[in-house]
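Fold and geometry: a report
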Amino acid sequence: MVTQSKLLIWVFLIPAIFLYSLFVVYPIFSTLWTSFFNWGGIGEKVWTGWSNYTQLLSDENFINALINTGKYMLFQIPVIVILSLIFSMIIANSANSKKMRFYRSSIFLPYVIPGVAVAMLWAAVLNPITGLLNVSLDSIGLGFLAHEWLADSSTAFASIIWVKTWHSIGFYTVLILAALLNIPKEILEAAEVDGANRIQRSIYIMIPMLKNVLQVVVVFVLINALKIFEEPQLMTRGGPNRATEPISLYIYEQAFGNYKFGYASAAGFVFFVITFILTLLTLRVMRGRNNE
Amino acid sequence: MSKIFKKIERISISSHLILGFWTLLIFLPILWLVFNSLKTSADILTEPWSIPIPPFIENFTNAWNEAGLGHGFINSIIVTVASVFSIVTISALAAYVLARMKFKLNRVVYYFLISGLMFPTFIAMVPLFVLVNQLNLLNSLLGLTLVYTAYSIPFTVFILTAFFQGIPKTIEEAAIMDGCGPFRVFFSIMLPLAKPGLVSAAIFNFVGIWNEYVIALILISDPETKTLPVNLADLMMVMQYRTDFGAMYAGIILAIIPVVIIYIFFQRQLMEGTTTGAVKE
């Protein structure tokens, strides 16, 4: 290649490096520093060493929020893996491609809708008096099943899992579908010639070939579960009795509800460590994929 | 033989049932919301199954004016368009250099820039707020645009670098032979060639930023500069004490319409954009 001046390279790179370092990288490191202070946002910062961290470990609400985030992960993995696997296999196997394109577009649609709108839509549907769900149950004679869905801790938790699934299943379906369409046709045709039917082809040929993409799906479910915020904030306010409060909402409340900036930063840093471990896991999974 | 065909037929009928049922679960709540957004609050309570003819359009004018969502809508448009423009420009410059030029720190800069892909906003919530406050950019659309740009750099650089790498080098080399300077090569040769990639990146970021809630919630508290999602969430808090459901439902529709229109026209780019990060990494 023809020589380029070193200067020019940096002229092209500096805007990206500058903005990214300032607003993304610096705050992450600053979180660690802030976590050693007792600070309400205005006034003196008081150095308190590890005290925020020891307090966190004995803070029931923090532990509860961590457990809730863990529960979101655990419940979402099977639900999302099974549903997206079924949807993508049906679409990939279908002969009528026009109909299937319609289904694919429909399933993906909620994924582009704002999280706030999704949370509000479902809060409206689950509203005990005016909501679609209870009104429908009433009018088909199943009124006795009507329930204050978001006021009872177990149905509130299940509702949030459901809304998250409704919102994001299209993303995972399209992800698996892309991998399915990459499976060489010859393999499937060979199996067909050998007498394997549709279901057999799905179970014995497709699923083993999807091992890698399924690992990616699991990692994405985990990472996205860390980010759950709009649904519990808007649908349940983390309640009832903090039963649906995830770590993200806990940090937000500590910082901007109680103005405990140092304490919220310590919680944020613990969260960072967890995310970092999950990221390493992601990289390992991805590397495993590339080696094959 | 005919037995097998019948079996296959049965499978495909049940396939349709499964996907059809899910499609119903997607469209039924949305349709119900659209209908309710066109009814008076009294009708929402007493006639849940009625079809809103004639439609009660006042819900939308109430949402736009009284509930202040008009402000939010316009703020969201400004921030989203400005952010998308700066994200694509800044990321394209960086991605071009990272895809094409050999220099010692190339890989280091690349991995540094894309390492931000995985970290949720919540980690650095407090320092981000403090920093933006020190820069005097709280409650400012400019501040929000800068932060959105910064947060979108990792993914955009990632997909655009891959895109530039896919463009054959010969065209560029011919231009350099003909005496084109580096800026001309970039602006008049590379950018036009990279147009499909730039469009994908722009569409993908448009939807992401239009939908963004948490950062805007933290950085904006002035009603004049709130974006639509923050305005909507506020409205929901108020609605727990008042009962103008119709206006709230209309507000939700207002937030959904722009992204649905984009989805209708750019479905392929959106699906590819969301999945490339996962599949190609």
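Criteria and thresholds
- Residues numbered from 1 in each chain as written.
- Chains lettered and ligands numbered in written order.
- Predicted model: local features only at pLDDT ≥ 70, side-chain atom pairs only at ≥ 80, totals over all residues.
- Helix = DSSP H or I, 4+ residues; strand = E, 2+ residues; numbered from the N terminus.
- Buried ≥ 20, exposed ≤ 12 C-beta atoms within 10 Å, placed from the backbone.
- Contact = placed C-beta atoms within 7 Å.
- Rg over C-alpha atoms; globule rule 2.2 N^0.38 Å.
- Nonpolar A, V, L, I, M, F, W, Y, C, P; charged D, E, K, R; others polar.
- Axes fitted to C-alpha atoms, helices over the stretch in contact; angles between N-to-C directions.
- Parallel < 35°, antiparallel > 145°, perpendicular 65-115°, else oblique.
- Left-handed = near helix turned anticlockwise from the far one by under 90°.
- pLDDT = per-residue confidence, 0-100.
- Core = buried A, V, L, I, M, F, W, Y, C linked by C-beta atoms within 7 Å.

Time to look at the overall build of chain A. Counting its regular elements, chain A contains 13 helices and 2 strands. With respect to the three principal axes, the spread of C-alpha positions in chain A is 75 × 75 × 30 Å. Burial analysis of chain A (292 residues in total) assigns 42% to the buried set. Taking the contacts inside chain A whose residues are at least 6 apart along the sequence as the reference set, 69% of them involve residues at least 24 apart.

With that settled, the discussion passes to the overall build of chain B. When its secondary structure is counted, chain B shows 13 helices and 0 strands. What you see in chain B, going N to C, is helices and strands ordered as α-α-α-α-α-α-α-α-α-α-α-α-α. Compactness check: chain B gives a C-alpha radius of gyration of 24 Å against a globular reference of 19 Å for 281 residues, more than 25% above the reference. In terms of overall dimensions, chain B has a C-alpha envelope of 75 × 75 × 35 Å along the principal axes. Residue burial in chain B is summarised as follows: out of 281 residues, 46% are buried. For chain B, contacts bridging at least 24 residues in sequence account for 78% of all contacts bridging at least 6.

Before going further, it helps to examine the interface of chain A and chain B. One frequently used descriptor of interface size is the decrease in accessible area upon assembly of the parts. At the junction of the two partners, chain A supplies 74 residues and chain B supplies 71 residues. Among the elements that take part in the side of chain A that touches chain B, helix 1 (residues 6-34) of chain A stands out by supplying 19 residues, more than any other. Partitioning the side of chain A that touches chain B into residue classes produces 54 nonpolar, 16 polar and 4 charged.

This next bit is on the packing of helix 8 (residues 169-177) of chain B against helix 9 (residues 182-193) of chain B. Residue and element names in this part refer to chain B. Between helix 8 and helix 9, the shortest axis-to-axis distance is 11 Å and the interhelical angle comes to 160 degrees. Put simply, helix 8 runs roughly antiparallel to helix 9. Crossing geometry of helix 8 relative to helix 9 is assigned as right-handed. Contacts between helix 8 and helix 9 involve Ile 171, Glu 172, Ala 175 and Ile 176 from the former and Val 185, Ile 189, Met 190 and Leu 193 from the latter.

When pLDDT is averaged along chain A, the result is 85; 95% of the residues meet or exceed 70. At the low end of the mean pLDDT range in chain A sits helix 9 (residues 198-209) of chain A, at 75; at the high end sits helix 5 (residues 115-125) of chain A, at 93.

Below, the discussion takes up the nonpolar core. For soluble globular proteins, nonpolar side chains are generally found buried alongside one another. Core analysis: the biggest nonpolar cluster contains 171 residues, and Ala94(B), Met125(B) and Ile252(B) have the highest contact counts within it. Excluding its chain neighbours within four sequence positions, the residues that come into contact with Met125(B) are Ile251(A), Tyr252(A), Ala255(A), Ala264(A), Gly268(A) and Ile218(B).

Bringing helix 6 (residues 132-139) of chain A into the picture now. The complete set of buried residues in helix 6 of chain A reads Leu132(A), Leu133(A) and Asn134(A). Following helix 6 of chain A by one or two positions, Gly141(A) adopts a phi angle in the positive range, close to 80 degrees.

Along the chain, the position of Gly70(B) falls in helix 4 (residues 69-100). Those residues in contact with Gly70(B), other than ones at most four positions away along the chain, are Trp64(B) and Asn65(B).

All names here are of chain A. Among the secondary structure elements, Asn 134 is positioned in helix 6. According to the C-beta neighbour criterion, Asn 134 is buried, with 22 such atoms within 10 Å. The spatial distance from the C-alpha of Asn 134 to the C-alpha of Glu 148 is 8.8 Å, given a sequence separation of 14 residues.

All names here are of chain B. For chain B, mean pLDDT is 85; residues scoring 70 or higher make up 92% of the total. When pLDDT is averaged over each helix and strand of chain B, the minimum, 76, is found for helix 2 (residues 41-46) and the maximum, 94, for helix 11 (residues 214-219). Interface confidence for the predicted complex, expressed as ipTM, amounts to 0.87; the pTM equals 0.88.

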